[in-house]
Amino acid sequence: MEGAEEMSTTIEPTVRVETRRQPMPPRERLEQIFDIQHLDAIYGGKPAVKDVTMEVYKHLVTAIIGPSGCGKSTFIRCLNRMNDLIPSFTQTGTIRYHGTDICRSDIDAVAVRRNIGMVFQRPNPFPKSIHDNVAWGMKVLGIKDNVNERIERALTQAALWDEVKDRLKASALSLSGGQQQRLCIARAIAVEPDVVLMDEPASALDPIATQAIEELMHNLKSEYTFVIVTHNMQQAARVADMTAFFSISHGGEGQRWGELVEYDATEKIFTAPSDKRTEDYVTGRFG
Amino acid sequence: MSTQEVTGHGLRVDGLGRRKAVNRLMESLAWVAALIAIAILGVVVFSVARRGLPALNLDLLTKDPIPFSLTNQPQGLANAFVGTIVIVSLATLMALPVGILVAIYLNEFAPAPIRNGVTMILDILNGVPAIVIGIFVFGLFVVGHGQSGWAGAFALACLMLPLVSRSTMEILALVPNSLREASLGLGVARWRTTLSIVLPQSVGGILTGTVLAIARVAGETAPLLFVSSFVGTKTSWNPLHALQSVPVAIFELSESPDPADHARAWAAAFVLLMFILLASLGARWLATRNRRKMMGR
């Protein structure tokens, strides 16, 4: 009878997917890479994300999921100061990266982005050749030795080498969307960042290209730390070790902002979430 | 209540005849307006060509004018063509770097209030009458120093500056932000992103704007009357002296009592007009090519 009661409290996940995740070590044994405390992100006086407190662990894939408009992209762009480019943007709170608060104004955003790379929602290769797309970043950032080996390695890691090795001089814009996105990933990892942020990297791609990108995240996480925004729950379930669920909160006078509802091991989020809103979202009753 | 007409096919038609008539009327009005614009250019080109072509020969471009000539010795306006080349080249050298840097600053680096303010100032500068610029440069450089090609070039540069920077700003705004983000996301500095990613994307467009600005100021007369018009008849490449220019020469010849002078003025006007037309066509060609390149092919 006890077993039957447990059955009734366990949520039947609608998302049943094969996972590549290995068993997670306990959280206290993991090394923190980001320690985010009470982060508020504000566009033109209106809060986009309020009071986010979470940690991101080294060599794990961390997924940010949630409905449209919950501030997932805003949040991930805070992690490498990409929002600095938006004039009306302000933020409060702290983001410690290896113990250093990278939000401080005396920290150079260029140095932050040098360590924390980014792959964007839409593929954005430079209008240069395939080779130069990967080589340019290295050249500008002063990586001068074994350039060709590094290019081959980055393209191989991004699962693109076999498709482009015979036409490295061709324009990057002649590649398909999925290939362009993998080229952008190769470009990002060729300069050897510490963290790679991915803002819905597969949203414009077909399932095969999506699978290639998920595989490369899985294969590379021993070298890098990935934070990925996705609106695709199956994707989060497949690739992420930790999952953060963001949702939209409503205040008076039509105000709305995103907030972190629940952050836990992916397994837990998808099978036994502790918040009703997470449960509604992952079981497909909302969003 | 609106009346409902029904055609033989059973389709509902509410006042279809009237709407069709209004449509035809507006379409014809737009056509007529377009024709008027084309006709004006056509008449100008035709009348300049009709009077200018007969007097057009190599002597016009290679021989200097001979003042109060009583013989039928061949003469031309070489001094004016050389003067215009020198003055416009110097003006371009002055206006181009400043104009492009202003545009880069405003589009890539300036905070929004500064960008809006300076953009408005550039638009006002663009609207300042050329003769006012002439008087300004006259007061600045010519009083006490005398006229010079430099002063003329500076006056034309003042006219070119807003043209170059505004057109460059528009081209820079066309460069997709995703490219800037791609570079900045790698940890590349802002200036390097601008230099290596944004500018190569816009070279063609910047060139187009520059050619149009050159075509525009090459025909300016008013500022040069003040600052570079008391000239001899000998060809000179030295901008420290006052230099003759094509528009000023046309103006002066038009006041001469000699019909041969009038003919040469028409011929010079034809050459100037052709230069401007060809430069504009060239700029259009560059712009199309550049747009194709920006689209990625």
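Further remarks concern the overall build of chain B. The number of helices and strands found in chain B is eleven helices and two strands. Secondary structure elements of chain B occur, N-terminal to C-terminal, as β-β-α-α-α-α-α-α-α-α-α-α-α. Relative to its length of 297 residues, chain B is extended, with a C-alpha radius of gyration of 26 Å against a globular reference of 19 Å. Overall, the C-alpha framework of chain B stretches about 85 × 60 × 35 Å when taken along its three principal axes.

What chain A contains, in helices and strands, is eleven helices and ten strands. The C-alpha atoms of chain A give a radius of gyration of 20 Å, which matches the 19 Å a tight globule of 287 residues would have. Its C-alpha atoms give chain A principal-axis dimensions of roughly 65 × 45 × 35 Å. Considering chain A as a whole, with its 287 residues, one finds that 44% of them fall into the buried category. Counting contacts in chain A only where the partners sit at least 6 residues apart, residues at least 24 apart contribute 72% of the total.

Okay, the sheet that holds strand β9 (residues 242–250) of chain A next. All names here are of chain A. One open sheet holds the ten strands; their spatial order is β5-β4-β1-β2-β10-β9-β3-β8-β7-β6, and the pairing between them is mixed. Two strands in the sheet have a free side with no partner beyond their single neighbour: β5 (100–101) and β6 (116–119). Packing of helix α7 (residues 177–190) onto the sheet brings it into contact with β6 and β7 (195–199), and relative to β6 it is tilted by some 175 degrees.

Below, the discussion takes up the packing of α7 of chain A against helix α8 (residues 207–220) of chain A. All names here are of chain A. Running from amino to carboxyl end, α7 crosses α8 at an angle of 20 degrees, the nearest separation of the two axes being 9 Å. One way to sum up the angle between α7 and α8 is to call them roughly parallel. The two elements α7 and α8 cross, and the hand of that crossing is right-handed. Here Gly178, Gln181, Arg182, Ile185 and Ile189 of α7 come into contact with α8, specifically with Ala209, Ala212, Ile213, Leu216 and Leu220. Tallied by class, the residues present in the contact of α7 with α8 amount to seven nonpolar, two polar and one charged.

So, about the interface of chain A and chain B. In this assembly, 19 residues from chain A lie in contact with 17 residues from chain B. When contributions to the side of chain A that touches chain B are tallied by element, the ones reaching two or more residues are α3 (109–115), β6, α4 (130–140) and α7 of chain A. Considering every element that reaches the side of chain A that touches chain B, the biggest residue donor is α3 of chain A, with three residues. Of the residues in the side of chain A that touches chain B, the class split is twelve nonpolar, three polar and four charged.

Turning next to the packing of helix α4 (residues 112–127) of chain B against helix α6 (residues 149–174) of chain B. Residues and elements named next belong to chain B. Between α4 and α6, whose axes approach to 8 Å, the crossing angle comes to 135 degrees. Considered as vectors, α4 and α6 are oriented oblique to each other. Pair α4 / α6 crosses with left-handed handedness. Across the interface between the two elements, Leu122, Leu125 and Asn126 of α4 pack against Leu161, Pro162, Leu163, Ser165 and Arg166 of α6. Looking at the contact of α4 with α6 residue by residue, the classes come out as five nonpolar, two polar and one charged.

To continue, consider the domain arrangement of chain B. Residues and elements named next belong to chain B. Per the domain assignment, the segments making up chain B are domain 1 (5–55) and domain 2 (60–294). For domain 1 versus domain 2, the distance between C-alpha centres works out to 35 Å. Residue-level contacts link eight residues of domain 1 with seven residues of domain 2. Class assignment of the residues belonging to the side of domain 1 that touches domain 2 gives a composition of six nonpolar, one polar and one charged.

Moving on to the pairing of β7 of chain A. Residue and element names in this part refer to chain A. For β7, a buried count of five out of five residues is recorded, marking the element as mostly surrounded by other parts of the structure. Here β7 shows no split at all, with Val195, Leu197 and Asp199 on one side and Val196 and Met198 on the other all buried. Bridge analysis of β6 against β7 gives four bridges, and the strand direction is parallel. Its bridge partner lying in β7, Ile116 is registered against Val195. Examined bridge by bridge, β7 and strand β8 (residues 225–229) share five bridges and lie parallel to one another. Across the sheet, residue Val196 finds its bridge partner in β8, namely Phe226. Handedness of the crossover joining β7 and β8 through α8: right-handed.

Among all residues except glycine, the phi angle is most often negative; among peptide bonds, the trans geometry is most common. All names here are of chain A. Of note, Asn146 is a non-glycine position whose phi angle comes to about 50 degrees, a positive value. Position of Asn146 among the secondary structure elements: in the loop between α4 and α5 (147–157). Since 11 C-beta atoms lie within 10 Å of it, Asn146 is described here as exposed. Although it is not a glycine, Glu200 adopts a positive phi angle of roughly 45 degrees. Looking at the secondary structure, you find Glu200 in the loop between β7 and α8.

Moving on to the confidence of the model for chain A. Overall, the prediction assigns chain A a mean pLDDT of 87, with 91% of residues at 70 or greater. Below pLDDT 50 for its whole length, residues 1–10 of chain A participates in one contact with residues either more than four positions away or in separate chains.

Residues and elements named next belong to chain B. Relative to the helices and strands, Phe141 is located in helix α5 (residues 130–142). A tally of 18 C-beta atoms within 10 Å means that Phe141 is categorised as partly exposed. Between the C-alpha atom of Phe141 and that of Phe154, which follows or precedes it by 13 residues, the distance is 9.4 Å. Beyond its immediate sequence surroundings of up to four residues, Phe141 is in contact with Ala151, Phe154 and Val227.

A few words now on the nonpolar core. Counting residues in hydrophobic clusters, the biggest one holds 153 residues, and the most contacted among them are Ala186 of chain A together with Leu156, Met160 and Ala268 of chain B. Considering each element in turn, this core owes the most residues, 16 residues, to α6 of chain B. Setting aside residues no more than four positions away along its own chain, Ala268 of chain B makes contact with Leu60, Leu77, Ala80, Val246, Ala249 and Ile250 of chain B.

Parameters and conventions
Residues numbered from 1 in each chain as written. Chains lettered and ligands numbered in written order. Predicted model: local features only at pLDDT ≥ 70, side-chain atom pairs only at ≥ 80, totals over all residues. Helix = DSSP H or I, 4+ residues; strand = E, 2+ residues; numbered from the N terminus. Rg over C-alpha atoms; globule rule 2.2 N^0.38 Å. Buried ≥ 20, exposed ≤ 12 C-beta atoms within 10 Å, placed from the backbone. Contact = placed C-beta atoms within 7 Å. Pairing = 2+ DSSP bridges. Axes fitted to C-alpha atoms, helices over the stretch in contact; angles between N-to-C directions. Parallel < 35°, antiparallel > 145°, perpendicular 65-115°, else oblique. Left-handed = near helix turned anticlockwise from the far one by under 90°. Nonpolar A, V, L, I, M, F, W, Y, C, P; charged D, E, K, R; others polar. Domains from an automatic or database assignment. Right-handed = clockwise from strand over helix to strand, strands pointing away. pLDDT = per-residue confidence, 0-100. Core = buried A, V, L, I, M, F, W, Y, C linked by C-beta atoms within 7 Å.

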